[in-house]
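Below are the chains, spelled out letter by letter.
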Amino acid sequence: MENLSGASPRLLSLDAMRGFTIAAMIMVNFPGHEDFVFPTLRHTRWNGLTFTDLIAPTFLFIVGVSIALAYSKKRNAPKGGLYRKIIIRSLKIFAVGMFLNMLPDFNFSDLRYTGTLHRIAIVFLVCAILFLNTSWKQQLGLAITILLLYWLALTTIPTPGVGKVTLEPGVNLAAWVDQQYLPGKMWQGTWDPEGILSTFPSIATTITGMLAGQLILLPLSPNEKSNYLLTAGFATAALGYFWNLIFPTNENLWTSSFVLVTSGFASMLLGALHFLIDIRGGKRGIAPGVIFGANAIAAYVLADILALLFYIMPAGGDTLNHHAVAALSQTGMEPRLASMLYALFFVCINFIPVYLLYKKRIFIKL
C-alpha cells in the first residue's frame, strides 16, 4: 500500500521497496495458468519458505517502517484526532478487503472475513496506536513476548479433540481456534492462513518494521543506518533459521521462526536499497517501483478487478490467460515459463493506469 500513515519523510528506497513488493504480489497472485507455476512462485504447501512466502511479511515490515516515519513527530501531539484517523483508515482498508472477497458474484452466504487487506488493516490499527504510546524498548519487548508465547502455545498445548500437540494442516491449535471463533468461510475449509491466532505474530512482524523505521530516524550517518539494517537483518534471520529447527518456518501458521527469517530478509533488503538508492544515488530501474508504491492500494484493488477480464471471463471456450499460455506453449516454450510471462504481462497491464495516476499526481489514499 501507499504510506498507510499519512505524510512522512521521503525515503526513496522505501517507496521503491513498497512498489516492487506490490508488483511481486500481483505476479504471484495471478499466474498465467494455475497448473503451471514454478515452485518458488507458489506458497509453500506447509513448512518451508519460497519467494512467494516472503512477500506478505515484507509488506507488513514496510507498513511498520512507514508508521515510524509518519508518527515519530506526533507522539506528543493530542491523540484523539490521530486515533480517529487511524481507526477510520483501518476500517476503510478492511472494507476494501471485504469488497474484493465478494468478487465476482457477491455471494454473502459464502463470504470470507479474512485476507491480505484484512490483516493489514488489523496490524496497522494495533501497531499505529502501539507506536504512539510506547518506546522502542517496549515494542521490542512486546514482539519478543508475542513470539515466545505463540511458540509455547502451539508446541505445548494439546490440540482439542486430538489430545496431543500437532502442527499439521488443519490440525493444530490455531486451526482449532479458527474453527471455533472465526466467522464465515475459511480459505482452506477447516483453517485459514490469516486466522485469529496467527494475527498476533503478524503484529510482531510489523513491530520489526517499526524498529527499523526508528533506527532510520536516529542521528546516525546514512552509511551507519544501512550497516545496522543489514547487520540486524542478518542476525534476526540467523536466529529464525535456528529456531526453525524446533519450530518450523511456516507462513500458514506465521510461526515465530517465520517472523524472524522474513523480517531479517526485509531488513537486509531495505538496508541494501537504502545504500544503493539513498546513499549512492542509484535511480536507474526504480521508477516502476516508485510508481506502483505511490498508488499501491489502487494497484492491488485494480488487479483483482482486471482479473475478472483477464482470468475469469470466458472467451472462445476458455479464459484469456489459458488461451495465452496455451499459445505460448505451442511455440515450444516451457509451460511454467509461459505462465510466468503472462503473469508479468498482467503486472504491466496494471502498471498502465497506475502510471497515468502518477503522471497526473493523483494518489488514491484510504
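Above this text sits the structure in question.
Residues numbered from 1 in each chain as written. Predicted model: local features only at pLDDT ≥ 70, side-chain atom pairs only at ≥ 80, totals over all residues. Heavy atoms only, no water.

Caption draft 1: Structural view of the overall build of the chain. Assigned secondary structure in the chain consists of 13 helices and two strands. Its C-alpha atoms give the chain a radius of gyration of 21 Å, within 12% of the compact-globule value 21 Å for 366 residues. C-alpha atoms of the chain, sized along the principal axes, occupy 60 × 60 × 40 Å. Within the span of the chain, comprising 366 residues, buried residues form 50% of the whole. A fraction of 74% describes how many contacts in the chain between residues 6 or more apart in sequence connect residues 24 or more apart. Accessible surface computed for the chain: about 16800 Å², of which carbon and sulfur atoms make up 67%. (Helix = DSSP H or I, 4+ residues; strand = E, 2+ residues; numbered from the N terminus. Rg over C-alpha atoms; globule rule 2.2 N^0.38 Å. Buried < 20%, exposed > 50% of the residue type's maximum accessible area, 1.4 Å probe, protein only. Contact = heavy atoms within 4.5 Å. Areas by Shrake-Rupley, 256 points an atom, 1.4 Å probe, with all protein chains shown as cover.)

Caption draft 2: Spotlight on the nonpolar core. Residues Ile-26, Ile-67, Tyr-71, Leu-154, Ile-207, Phe-292 and Phe-346 are the most contacted members of the largest nonpolar core, which totals 78 residues. By size, the runner-up hydrophobic cluster in this structure holds 18 residues, among which are Leu-229, Ala-266, Leu-270 and Ile-286. (Core = buried A, V, L, I, M, F, W, Y, C linked by side-chain atoms within 4.5 Å.)

Caption draft 3: Expanded view of helix α4 (residues 116-133). Here α4 spans 26 Å end to end across 18 residues, near enough to the 26 Å set by a 1.5 Å rise per residue. Of the positions making up α4, those classed as buried are Leu-117, His-118, Arg-119, Ile-120, Ala-121, Val-123, Phe-124, Cys-127, Ala-128, Leu-130, Phe-131 and Leu-132. The elements touched by buried residues of α4 are α2 (51-71), α3 (80-102), α5 (136-156), α7 (199-216) and α11 (296-312). (Expected span 1.5 Å × (residues − 1).)

Caption draft 4: Examining the layout of surface pockets more closely. Counted as a void, the second largest pocket has a volume near 640 Å³. Those elements giving two or more residues to the lining of the second largest pocket turn out to be α5, α7, α8 (222-243) and α9 (256-279). Residue composition of the lining of the second largest pocket, grouped by class: 18 nonpolar, seven polar and no charged. (1 Å grid on protein atoms, 1.4 Å probe; cavity = no way out; pocket = protein on both sides within 12 Å on 5 of 7 lines; lining within 4 Å. Points joined across faces, edges and corners; volume = space filled by probe spheres on them. Nonpolar A, V, L, I, M, F, W, Y, C, P; charged D, E, K, R; others polar.)

Caption draft 5: Expanded view of the environment of Ile-305. Mapped onto the elements, Ile-305 comes out in helix α11. Once the C-alpha coordinates of Ile-305 and Pro-104 are considered, the two residues, 201 residues apart in sequence, prove to be 8.7 Å apart.

Caption draft 6: Spatial organisation of unusual backbone geometry. A cis amide bond links Leu-103 to the next residue, Pro-104, at an omega of 0°. By the secondary structure assignment, Pro-104 is in the loop between α3 and α4. For Trp-254, which is not glycine, the phi dihedral falls at a positive 50°. Examined against the element boundaries, Trp-254 turns out to sit in the loop between α8 and α9.

Caption draft 7: Quick look at the pattern of salt bridges. Applying the stated criterion across every chain yields a total of five salt bridges. Here Asp-15 ties to Arg-18 by a salt bridge, and the two come within 3.2 Å at their closest N and O atoms. Pair noted here: Asp-15 and Arg-18 are both in helix α1 (residues 12-29), with a separation of three residues, about one helical turn. Its relative accessible area of 10% is what places Asp-15 among the buried residues. (Salt bridge = Lys/Arg side-chain N within 4 Å of Asp/Glu carboxyl O.)

Caption draft 8: The packing of aromatic side chains, seen in detail. Enumeration over the complete set of coordinates arrives at 17 aromatic pairs. Look at Trp-254 and Phe-258: their rings are 5.0 Å apart centre to centre, the planes differ by 75°, and that puts the pair in the edge-to-face class. Take Phe-258: its relative accessible area is 0%, and that puts it in the buried class. Connected via pairs of aromatic rings, a cluster forms that spans Phe-30, Phe-310, Tyr-311, Tyr-342, Phe-345 and Phe-346. The ring of Phe-131 has Arg-75 sitting right over it, with the charged end atom 3.8 Å from the ring centre. A cation over a ring is seen here: Arg-119 above Trp-254, with NZ or CZ 5.3 Å from the ring centre. (Phe/Tyr/Trp six-rings, centres within 6.5 Å; stacked < 30°, edge-to-face > 60°. Lys NZ or Arg CZ within 6 Å of the ring centre and 35° of its normal.)

Caption draft 9: Layout of empty space enclosed by the protein. Using the criterion set out here, one finds three cavities of 30 Å³ or more in the structure. Approximately 70 Å³ is the volume attributed to the largest cavity. Lining the largest cavity we find 14 residues, and of these Ala-174, Trp-191, Asp-192, Asn-252 and Leu-253 sit closest to its centre. Its residues assigned to classes, the lining of the largest cavity comprises seven nonpolar, five polar and two charged. Here the second largest cavity is characterised by a volume of approximately 60 Å³. In terms of lining residues, the second largest cavity is bounded by Met-27, Val-28, Pro-31, Phe-36, Val-37, Phe-38, Leu-41, Arg-336, Ser-339, Met-340 and Ala-343. For the lining of the second largest cavity, the secondary-structure elements that each account for two or more residues are α1 and α13 (335-359).

Caption draft 10: Spatial organisation of the environment of Ser-72. In this fold, Ser-72 is placed in the loop between α2 and α3. Along the backbone, Ser-72 and Phe-131 are 59 residues apart, and their C-alpha atoms lie at a distance of 8.3 Å. Setting aside its immediate chain neighbours within four residues, Ser-72 contacts Ile-67, Phe-131 and Leu-217.

Caption draft 11: Examining the side chain of Asn-350 more closely. Of note, Asn-350 is situated in helix α13. Overall, Asn-350 belongs to the buried group, its relative accessible area being 0%. A polar contact of 3.1 Å, which involves the side chain of Asn-350, links it to the backbone nitrogen of Ala-303. The residues contacting Asn-350, other than those within four sequence positions of it, are Ile-26, Phe-292, Ala-299, Leu-302, Ala-303 and Leu-306. (Polar contact = N/O pair within 3.5 Å; in protein donor to acceptor, adjacent residues only side chain to side chain.)

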